[in-house]
Every structure is written in structure tokens, then in C-alpha cells.
Amino acid sequence: MPIRPANLATMSATIAGAISGMASREETAPVLITFESGHEQTVENGGCRVLETGQGGVVEIEGESRFALFGGTSCQGSRTLASGHGSVRFGTPVLAGAIVIG
């Protein structure tokens, strides 16, 4: 069965989350997510995390880890909206429901 690009991004983010979840808590750095409303959510490395609702789209991610934002509240089966490494500021808010950090 061929691997589709959208599935590859999900698999990569999931693997990164699983690997970073194995690291000790002392080695992981939290990532700060800023929403349109100005609300901030801190997310620890490893695994899929649901983003807080009712705050608008994600406008900024501050941290040094890799990340992937997903359209649904699950990282499995949801469409990848954005991914990258390090801090980023989005010109257009990203309406994401979940994130993988790692």
C-alpha cells in the first residue's frame, strides 16, 4: 500500500512524539502556544495534546522542538495543517485542534 504525503506527516509527528515521550522529564522543554485571543497554553513534549477551545486559531508557537498542528482533536486520522521546528509566528491564524511536540 502506498504512503500518502498527508499520512507521512502524521506518522512522522507520531513517531517524534513517541520518541520524545521516552526522554526524561528533565530533558524536555515546554512549548508556549499563543491563540488569536491572546490566551496562552503551555504544552509539554511527547504525544498528542488537545488544544484549548474557544480561543481562536494558533498565531504563535514558541520553543525549540518540532511540532505538527492537526485539524481535529486527534492526531491520528486528522489532517496536518502545519509543521515545523522551533519558534514560528503565523501570518494567518491556524484553526487547529491538536498538536504533537517532539
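Remember, it's a predicted structure, so these values are computed and weren't measured experimentally.

Quick look at the nonpolar core
Item 1. By size, the foremost hydrophobic cluster in this structure holds 15 residues, and its most contacted members are Leu51, Val58, Ile61, Leu69, Phe90 and Ile99.
Item 2. Broken down by secondary-structure element, the contributors of at least two residues to this core are strand E1 (31-35), strand E4 (58-62), strand E5 (66-70), strand E7 (88-94) and strand E8 (98-101).
Item 3. For this core, the leading source of residues is E1, giving three residues.
Item 4. Beyond its immediate stretch of four places on either side in the chain, Val58 contacts Ile33, Thr34, Phe35, Leu51, Leu69, Phe90, Pro93 and Val94.

Overview of the sheet that holds strand E2 (residues 40-43)
Item 1. The antiparallel open sheet is built from four strands, whose spatial order is E2-E1-E4-E7. Every interior strand has two partners, whereas the edge strands, E2 and E7, have only one. Neighbouring strand axes in the sheet, compared pairwise and without regard to direction, differ in orientation by 20° on average.
Item 2. In terms of strand pairing, E4 meets E7 through three bridges, oriented antiparallel. In the sheet register, Val58 faces E7, and the bridge partner there is Val94.

Some points on the environment of Gly56
Item 1. By secondary structure assignment, the location of Gly56 is in the loop between strand E3 (48-50) and E4.
Item 2. Judged by relative accessible area, Gly56 falls into the partly exposed class, the value being 38%.
Item 3. Each C-alpha atom of the pair Gly56 and Val94 lies 8.4 Å from the other, and the pair is 38 residues apart in sequence.
Item 4. If we skip the residues at most four places from it in the chain, Gly56 touches Phe35, Glu36 and Leu95.

With respect to the state of the cysteines
Two cysteines whose sulfur atoms are joined by a covalent bond form what is called a disulfide.
Item 1. On inspection of all chains with the given rule, the structure shows one disulfide.
Item 2. Paired by a disulfide, Cys48 and Cys75 hold their sulfur atoms 2.0 Å apart. The disulfide joining Cys48 to Cys75 has a torsion of about 80° about its S-S bond and is therefore right-handed. Of the two residues, Cys48 is situated in strand E3 and Cys75 in the loop between E5 and strand E6 (80-85); the sequence distance between them amounts to 27 residues.
Item 3. Residue class for Cys48 comes out partly exposed when judged on its relative accessible area of 35%.

Rules used throughout
Residues numbered from 1 in each chain as written. Predicted model: local features only at pLDDT ≥ 70, side-chain atom pairs only at ≥ 80, totals over all residues. Heavy atoms only, no water. Core = buried A, V, L, I, M, F, W, Y, C linked by side-chain atoms within 4.5 Å. Buried < 20%, exposed > 50% of the residue type's maximum accessible area, 1.4 Å probe, protein only. Helix = DSSP H or I, 4+ residues; strand = E, 2+ residues; numbered from the N terminus. Contact = heavy atoms within 4.5 Å. Pairing = 2+ DSSP bridges. Axes fitted to C-alpha atoms, helices over the stretch in contact; angles between N-to-C directions. Disulfide = S-S within 2.5 Å.

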